[in-house]
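Each chain is listed here by its residues.
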Amino acid sequence: EISRQLLHRLAKWEYLWLCLLVLAVLVMHFSIIGQPTQPIFDEAHYVADAGSILQGHGTLRPEHPPLGKLLIVSGISLFGDNPFGWRFFSVVFGAICIVLFYLICRQLAMPKRASFLATFLLALDNLSFVQASVAMLDVFSLAFMLGAFWLYLKGRYLLSGLSVGLSTLAKLSGALALPVILLHWL
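Residues numbered from 1 in each chain as written. Predicted model: local features only at pLDDT ≥ 70, side-chain atom pairs only at ≥ 80, totals over all residues. Heavy atoms only, no water.

Student: Sorry, what's going on with the overall build of the protein chain here?
Tutor: Along the backbone of the protein chain there are ten helices and zero strands. Expressed along its principal axes, the backbone C-alpha trace of the protein chain runs to roughly 60 × 45 × 30 Å. Counting only residues that meet the buried cut, the protein chain has 40% of its 186 residues in that class. For the protein chain, the proportion of contacts with a sequence separation of at least 24, taken over those separated by at least 6, is 66%. Of the roughly 10500 Å² of accessible surface on the protein chain, a fraction of 70% belongs to carbon and sulfur atoms. Charge centroids of the protein chain, computed over 12 positive and 9 negative side chains, lie 16 Å from each other. (Helix = DSSP H or I, 4+ residues; strand = E, 2+ residues; numbered from the N terminus. Buried < 20%, exposed > 50% of the residue type's maximum accessible area, 1.4 Å probe, protein only. Contact = heavy atoms within 4.5 Å. Areas by Shrake-Rupley, 256 points an atom, 1.4 Å probe, with all protein chains shown as cover. Lys, Arg positive; Asp, Glu negative; His and termini not counted. Charge placed at Lys NZ, Arg CZ, Asp CG, Glu CD.)

Student: Even after reading the chapter, I still don't get the packing of aromatic side chains, so can you show me in this structure?
Tutor: Within a pair of aromatic rings, the relevant descriptors are the distance that separates the centres and the angle that separates the planes. Tallied over the entire structure, the rule returns twelve aromatic pairs. Relative to Tyr15, the ring of Trp13 has its centre 5.7 Å away and its plane inclined at 75°; by these criteria the two rings are edge-to-face. Given a relative accessible area of 41%, Trp13 falls into the partly exposed group. For the pair Phe79 and Phe88, a centre-to-centre distance of 4.6 Å together with 50° between the ring planes defines the contact as tilted. Exposure remark for Phe79: the relative accessible area of 34% places this residue in the partly exposed category. (Phe/Tyr/Trp six-rings, centres within 6.5 Å; stacked < 30°, edge-to-face > 60°.)

Student: Which parts of the structure should I look at to understand the packing of helix 4 (residues 67-79) against helix 5 (residues 83-107)?
Tutor: Two numbers describe how helix 4 lies on helix 5: the axes approach to 7 Å, and their chain directions differ by 125°. As the angle between them shows, helix 4 and helix 5 are arranged oblique. Between helix 4 and helix 5 lies a crossing whose hand is right-handed. Taking contact as the criterion, the partners of Leu71, Ile72, Ser74, Gly75, Ile76, Leu78 and Phe79 in helix 4 are, on helix 5, Phe84, Gly85, Trp86, Phe88, Phe89 and Phe93. (Axes fitted to C-alpha atoms, helices over the stretch in contact; angles between N-to-C directions. Parallel < 35°, antiparallel > 145°, perpendicular 65-115°, else oblique. Left-handed = near helix turned anticlockwise from the far one by under 90°.)

What follows is the structure, given as structure tokens:
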């Protein structure tokens, strides 16, 4: 009886389907994280930059802020100079984006089903999925940007500003969250 009640309560939990979606996306990402074995797209630049930072030579690409590159460095430090190490934190931040997007939808008073459908579409959108699969800066910036939007909607303006700053430190386009927040506020 206790197990049945627990399963019934779990089935009614708002975040059950979100957790299952995030779990499914993580399984998909981690099953392909090693492919291809060589850096693709702009990964070639950021992985080389991370290697230079690890060797103590500093950044090779000063036109980009350091936070995203330092997250790639962290993955390489933890898991080695291999595709898993390069891409680990991209996958994690991609999952964080999924959760934050759902929370933003709910904060904007979207119905649960519509919020989940929008989140499902984002999670499996080709661009979102690929960006969360490679060692590039965009997914880090997006995660902090979505965090800024959610914090702003919750009325936590100082933390929202801090998150915009972190988004900008991952990639300069993160500063574009400020005009969006300002327009919403107006």
